[in-house]
Amino acid sequence: MNHILVINSSLSGEASVSRILVEDAVRRLLEVNPGAVVTYRDLGDAPIPHLTSATVAGIRAVAGTQAELAAQALSDELIAELQAADVVVIGAPMYNFSIPTSLRAWFDHVLRPRVTFAYNEGSVQGLLPGKRVIVIESRGGLYSEGPTKGMDFQEPYLKTLLGFVGMTDVTFIHAEKIGFGPEARELALATAKSRIAEAAMGAGR
Ligand SMILES: Cc1cc2nc3c(=O)[nH]c(=O)nc-3n(C[C@H](O)[C@H](O)[C@H](O)COP(=O)(O)O)c2cc1C
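Residues numbered from 1 in each chain as written. Predicted model: local features only at pLDDT ≥ 70, side-chain atom pairs only at ≥ 80, totals over all residues. Heavy atoms only, no water.

1. Some remarks on the overall build of the protein
Scanning the protein from N- to C-terminus turns up six helices and seven strands. Considering only C-alpha atoms, the protein reaches an extent of 55 × 40 × 35 Å along its principal axes. Here the protein, with 205 residues, has 48% of them falling under the buried criterion. Taking the intrachain contacts of the protein between residues at least 6 apart in sequence as the baseline, contacts between residues at least 24 apart amount to 76%. Looking at the protein as shown, the accessible area adds up to about 9,900 Å², and 55% of this sits on carbon and sulfur atoms. Computed over 18 positive and 22 negative side-chain charges, the inter-centroid distance for the protein is 3 Å. (Helix = DSSP H or I, 4+ residues; strand = E, 2+ residues; numbered from the N terminus. Buried < 20%, exposed > 50% of the residue type's maximum accessible area, 1.4 Å probe, protein only. Contact = heavy atoms within 4.5 Å. Areas by Shrake-Rupley, 256 points an atom, 1.4 Å probe, with all protein chains shown as cover. Lys, Arg positive; Asp, Glu negative; His and termini not counted. Charge placed at Lys NZ, Arg CZ, Asp CG, Glu CD.)

Here it is in structure tokens:
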């Protein structure tokens, strides 16, 4: 494990639970492998643009215009960061039962035909295999059990997006009930931190 890519997408700055836990994961991973290089991509502080009708061909077809070439160059840069990574740590808050739109824009740039996935005799082949992924999912409510379980469009969606490009070795770590008061928040942080310690041991080997 030489290279860690860290992707943050919370809009809550220093108050962000996912950012605190992402940093904890990086610290733990560096304990296991002190020589690893860490690359940060902050989609909350420095959002990448959403695709538009002027730019989409740069990613999904053949780039011709300046706008399409610029979108393709950004996609190339984001994919190169992923290709270089052995371990990817993603901070993914639940926003409206799914992921922040900034993170969705990132996926729109990195799920790219013939570059990160390909259709092969009718089936899809992910072209980014062999990476370990740790996803920190912060949530105001409770979705891992109980009546709102079916409203979790965050974890199944992330699992599908990552799996589509071959990233199937994914550990999901929840910090739930963040909106239930300070005690619930502290308990969620402590529980998530102990799971992160275990995941980092596995990812660091
Ligand atoms: C725009 C927005 C939408 C949210 N939607 C949900 C939601 O659908 N379900 C939920 O449980 N919490 C929701 N929350 C609460 C966040 O998931 C919670 O505050 C979490 O801690 C955010 O992660 P962060 O602390 O890393 O920013 C939402 C928060 C924001 C800002």
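2. Notes on the site of the ligand
Near the ligand lie 16 residues; those nearest to it are Ser10, Ser16, Ser18, Met94 and Ser138. In the environment of the ligand, a nitrogen atom lies 2.8 Å from a nitrogen or oxygen atom belonging to the backbone of Asn96. The contact in question runs from an oxygen atom of the ligand to an N or O atom on the side chain of Ser138, over 2.7 Å. Compared with its free state, where it exposes 630 Å², the ligand has 72% of that area covered by protein. Among the residues forming the shell around the ligand, the class breakdown is seven nonpolar, eight polar and one charged. (Near = heavy atom within 4 Å. Polar contact = N/O pair within 3.5 Å; in protein donor to acceptor, adjacent residues only side chain to side chain. Nonpolar A, V, L, I, M, F, W, Y, C, P; charged D, E, K, R; others polar.)

3. Comments concerning the layout of surface pockets
Rolled over the atoms, a probe with the dimensions of a water molecule shows which regions are left empty. The computed volume of the largest pocket comes to approximately 230 Å³. Lining the largest pocket we find Leu142, Ser144, Ile173, His174, Glu176, Lys177, Ala184, Leu187, Ala188, Thr191, Ala192 and Arg195. Those elements giving two or more residues to the lining of the largest pocket turn out to be strand E7 (169-175) and helix H6 (182-204). When residues in the lining of the largest pocket are grouped by element, the largest group, six residues, is from H6. Looking at side-chain class alone, the lining of the largest pocket contains six nonpolar, three polar and three charged residues. (1 Å grid on protein atoms, 1.4 Å probe; cavity = no way out; pocket = protein on both sides within 12 Å on 5 of 7 lines; lining within 4 Å. Points joined across faces, edges and corners; volume = space filled by probe spheres on them.)

4. Focus on helix H1 (residues 17-32)
Each α-helix winds once per 3.6 residues, and so residues spaced three or four apart point in a common direction. Taking 1.5 Å as the rise per residue, H1 with 16 residues should run 22 Å; its terminal C-alpha atoms sit 23 Å apart, in good agreement. Taken together, the buried positions of H1 are occupied by Val17, Ser18, Arg19, Leu21, Val22, Asp24, Ala25, Val26 and Leu29. (Expected span 1.5 Å × (residues − 1).)

5. Overview of the sheet that holds strand E3 (residues 87-93)
One key point about sheets: their strands pair by backbone hydrogen bonds, in either a parallel or an antiparallel sense. Overall, parallel pairing links the five strands, which are arranged E2-E1-E3-E6-E7 in an open sheet. Single-partner strands in this sheet number two, and they are strand E2 (37-42) and E7. Recorded for the sheet is a direction-independent mean angle of 15° between the axes of neighbouring strands. Examined bridge by bridge, strand E1 (residues 3-8) and E3 share four bridges and lie parallel to one another. By the bridge assignment for E3, Leu5 is matched with Val88. Against the sheet, H1 touches E1, E2, E3, strand E6 (132-138) and E7, its axis set at about 165° to E3. (Pairing = 2+ DSSP bridges. Axes fitted to C-alpha atoms, helices over the stretch in contact; angles between N-to-C directions.)

6. Looking at the pattern of salt bridges
Considering all chains together, one arrives at 15 salt bridges under this definition. The partner of Arg27 in a salt bridge is Asp24, and the shortest N-O contact between them spans 2.8 Å. Of the two residues, Arg27 and Asp24 are both situated in helix H1; the distance of three residues between them amounts to about one turn of the helix. Linked through salt bridges whose partners overlap, the residues forming this network are Glu137, Arg139, Asp152, Glu155 and Glu176. (Salt bridge = Lys/Arg side-chain N within 4 Å of Asp/Glu carboxyl O.)

7. Quick word on the packing of helix H4 (residues 101-110) against helix H5 (residues 155-164)
For any two helices packed against each other, one specifies the crossing angle of their axes together with the interaxial distance. The interhelical angle for the contact between H4 and H5, taken along N-to-C directions, is 20°, at an axis separation of 11 Å. By the criterion of interaxial angle, the relationship of H4 to H5 is roughly parallel. In this structure, H4 crosses over H5, and the sense of that crossing is left-handed. When H4 is examined against H5, the residues Leu103, Arg104 and Phe107 are found in contact with a partner set consisting of Tyr157, Leu158, Leu161 and Leu162. When its residues are assigned to classes, the contact of H4 with H5 shows six nonpolar, no polar and one charged. (Parallel < 35°, antiparallel > 145°, perpendicular 65-115°, else oblique. Left-handed = near helix turned anticlockwise from the far one by under 90°.)

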